[in-house]
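# Per-entry structural report
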Amino acid sequence: MLTRIDHIGIACRNLDETVEFYRSTYGFEVHHTEVNEEQGVREAMLKINGTSDGAASYLQLLEPIREDSPVGKWLAKNGEGVHHIAFGTADVDADAAAIRDKGVRVLYDEPRTGSMGSRITFLHPKDCHGVLTELVTSATEH
Ligand code: MC0
């Protein structure tokens, strides 16, 4: 069951400048940063709030580390902006299987490693009314 917005992924050209915009404009502070080589991004997670299931909601700022990565390709075509939305679930395997059974393309056979040790998969944007959609089970939940 999807129980929260885990994060909104925002593609940016310069992570440090974008982090500073969110800090100075809204007061959001960086909770965590990492490089995800497999996904081709350097990222910063800005914690917005805790949620009733014990997890949290974040803004995820994403700078590509390779032009041919998903975020690199998307930036070249669209410029900076909202790249994807991620829903949180205690069981990404079960939710991905149930959504696949409804005819939506799930991009990975098995969930991969996401931010802060989470397990993630993606749904194809063309099957989700143009929205790249991610499913996340946070490390605290698995
Ligand atoms: C591509 N398309 C999108 C889109 N990316 N539509 C909405 N939102 C997006 N973000 C559309 C394109 O405009 C194009 O439509 C069609 O999908 C095919 O795109 P493409 O540029 O030819 O690229 P593909 O087909 O090679 O790849 C698209 C695909 C890929 C969604 C399969 O980006 C992918 O595997 N994404 C999942 C992984 C990901 O995004 N990783 C980065 C975040 P037209 O109409 O022009 O044909 S990593 C992350 O978020 C981790 C760290 C975490 O949360 O922990």
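Keep in mind that what you see is a predicted model, and the values were worked out from it rather than measured.

### A closer look at the layout of surface pockets
Within this model, the largest pocket holds a volume of roughly 410 Å³. What lines the largest pocket is a set of 15 residues, and nearest its centre among them are Trp74, Asn78, His83, Pro125 and Leu132. Among the elements of the structure, α2 (70-78) and β5 (81-89) are those that each provide at least two residues to the lining of the largest pocket. Looking at which element gives the most residues to the lining of the largest pocket, the answer is α2, with five residues. For the lining of the largest pocket, the class distribution of residues is seven nonpolar, five polar and three charged. If you add up the space inside the second largest pocket, you get close to 320 Å³. Looking at the second largest pocket, it is lined by 20 residues, and the ones nearest its centre are Gln39, Pro70, His83, Phe122 and Leu132.

### Thoughts on the sheet that holds strand β8 (residues 133-137)
In space, the eight strands of this open sheet follow the order β2-β3-β4-β1-β5-β8-β7-β6, with mixed pairing throughout. This sheet does not close on itself; its edge strands, each paired only once, are β2 (30-36) and β6 (112-113). Where β5 meets β8, four bridges bridge the pair, whose relative direction is parallel. Across the sheet, Ile85 pairs through a bridge with Thr133, a residue of β8.

### Examining the nonpolar core
Of all hydrophobic cores here, the largest spans nine residues; its members are Ile10, Cys12, Leu15, Val19, Tyr22, Ala44, Leu46, Leu59 and Leu61. Those elements that place two or more of their residues in this core are α1 (15-26), β3 (41-50) and β4 (56-64). If we ignore the near neighbours within four places in the chain, the residues touching Leu61 are Ile10, Leu15, Thr18, Val19, Tyr22, Arg42, Glu43, Ala44 and Leu46.

### Digging into the packing of aromatic side chains
Taken as a whole and judged by the stated rule, the model has five aromatic pairs. Geometrically, the ring pair formed by Phe21 and Tyr26 is edge-to-face, given 5.6 Å between the ring centres and 90 degrees between the ring planes. The partly exposed category is assigned to Phe21, whose relative accessible area is 40%. On the basis of an interplanar angle of 85 degrees and a centroid distance of 5.9 Å, the ring pair of Tyr108 and Phe122 is categorised as edge-to-face. Linking Tyr108 in the loop between α3 (92-101) and β6 with Phe122 in strand β7 (residues 119-123), this pair joins segments that are 14 residues apart in sequence.

The rules behind these values
Residues numbered from 1 in each chain as written. Predicted model: local features only at pLDDT ≥ 70, side-chain atom pairs only at ≥ 80, totals over all residues. Heavy atoms only, no water. 1 Å grid on protein atoms, 1.4 Å probe; cavity = no way out; pocket = protein on both sides within 12 Å on 5 of 7 lines; lining within 4 Å. Points joined across faces, edges and corners; volume = space filled by probe spheres on them. Helix = DSSP H or I, 4+ residues; strand = E, 2+ residues; numbered from the N terminus. Nonpolar A, V, L, I, M, F, W, Y, C, P; charged D, E, K, R; others polar. Pairing = 2+ DSSP bridges. Core = buried A, V, L, I, M, F, W, Y, C linked by side-chain atoms within 4.5 Å. Buried < 20%, exposed > 50% of the residue type's maximum accessible area, 1.4 Å probe, protein only. Contact = heavy atoms within 4.5 Å. Phe/Tyr/Trp six-rings, centres within 6.5 Å; stacked < 30°, edge-to-face > 60°.

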